Amino acid sequence: MNSSDSYVLPLNTDNDSLELIGGKGKSLARMASAGFTVPTGFHVTTAAYKNFVDTNELQSKILELAKPEINGIALSFEQASKNIRALFDQARISDDIVAEVASAYTMFESESTAVAVRSSANAEDLPELSFAGQQETYLNVRGGDALVLAIRDCWASLWTAQAISYRHQNGIEQDSVAMAVVVQVMVPSDVSGILFTANPATGERSEMIINASFGLGEAVVSGQVTPDTY
């Protein structure tokens, strides 16, 4: 199996194709390869997602369901998302994928090491499209069984109502998307934050903005807290 067919790749892989490890994965792979301090981990490639979808014969069902309902004067993808999620919950992950993920998980200190399981779609973090907050990340996942379930949940989050709607609005074909997943050891942070290398409110590239708060960064990105701003 060559690297483009692999279900799991090291975090610093040089095979950093957007189509293979997604937008978030590509950025992390480039940072890790360049020597930046990046929490250790690995990629579950889009090949695993495609295997899951193909093995369970889901693609045609997904595309049939990924259509809007008219809710008043607006389009709604809420029911479509729920129906697609039900497909994922009932489907089985192949033994080959489970085995590769289990083997990669042994790189961490112990079988109870907490990890972050992060979605990395092939249509996110693009120059013209971000998909920020559209798909899911799962924190403090412990154990191989929980990890496999979290990976499946990340795959399913490719079809959240927000993600389907965002693709619909921006003319991205629903059958062109696939999901990779990044698995990284959790960092027990005292303070977490986000650095914007351009002012997100104005687009001004001579300004950098930091939003930070105590604890994990999830509270900042999900809007649960009002962060400090620098």
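To start, this report covers the structure provided alongside it. Just so we're clear, the structure is a prediction, and the values are computed from it rather than from any experiment. (Residues numbered from 1 in each chain as written. Predicted model: local features only at pLDDT ≥ 70, side-chain atom pairs only at ≥ 80, totals over all residues. Heavy atoms only, no water.)

1. Description of the overall build of the protein chain
For the protein chain, the count of helices and strands is eight helices and ten strands. By its C-alpha atoms, the protein chain is 50 × 45 × 30 Å across when sized along the principal axes. The buried share among the 230 residues of the protein chain stands at 45%. A separation of at least 24 residues holds for 65% of the contacts in the protein chain among residues at least 6 apart in sequence. Of the accessible surface of the protein chain, which amounts to about 12300 Å², a share of 50% is contributed by carbon and sulfur atoms. Both charge centroids of the protein chain, one from 14 positive and one from 28 negative side chains, sit 3 Å from each other. (Helix = DSSP H or I, 4+ residues; strand = E, 2+ residues; numbered from the N terminus. Buried < 20%, exposed > 50% of the residue type's maximum accessible area, 1.4 Å probe, protein only. Contact = heavy atoms within 4.5 Å. Areas by Shrake-Rupley, 256 points an atom, 1.4 Å probe, with all protein chains shown as cover. Lys, Arg positive; Asp, Glu negative; His and termini not counted. Charge placed at Lys NZ, Arg CZ, Asp CG, Glu CD.)

2. So, the packing of helix 5 (residues 95-105) against helix 6 (residues 144-156)
Relative to each other, helix 5 and helix 6 sit at 120°, their axes nearing to 10 Å. Comparing their axes, helix 6 and helix 5 come out oblique. For the crossing formed where helix 5 meets helix 6, the hand is right-handed. Residues I97, V98, V101 and Y105 of helix 5 touch helix 6, and the partners they reach there are G144, L147, V148, I151 and W155. (Axes fitted to C-alpha atoms, helices over the stretch in contact; angles between N-to-C directions. Parallel < 35°, antiparallel > 145°, perpendicular 65-115°, else oblique. Left-handed = near helix turned anticlockwise from the far one by under 90°.)

3. Some words on the sheet that holds strand 10 (residues 228-229)
Pairing is antiparallel in the open sheet, where three strands are placed in the order 8-9-10. Pairing within the sheet leaves two strands with one partner each, and these edge strands are strand 8 (191-196) and strand 10. Alignment of strand 8 against strand 9 (residues 209-214), held across six bridges, turns out to be antiparallel. Residue L195 lies in a different strand from strand 9, and its bridge partner there is I210. (Pairing = 2+ DSSP bridges.)

4. Section: helix 2 (residues 46-55)
Extensive coverage of helix 2 is indicated by the burial of seven of its ten residues. Within helix 2, burial applies to T46, A47, A48, Y49, N51, F52 and V53. Just beyond helix 2, the residue with positive phi is E57, at close to 50°.

5. Some thoughts on unusual backbone geometry
Despite not being glycine, E57 has its phi angle at roughly 50°, a positive value. The residue E57 is located in the loop between helix 2 and helix 3 (59-65) in this model. You can call E57 exposed: its relative accessible area is 59%. In this model, N140 sits at a positive phi of 55°, which is unusual for a non-glycine residue. Here N140 shows up in strand 6 (residues 137-141).

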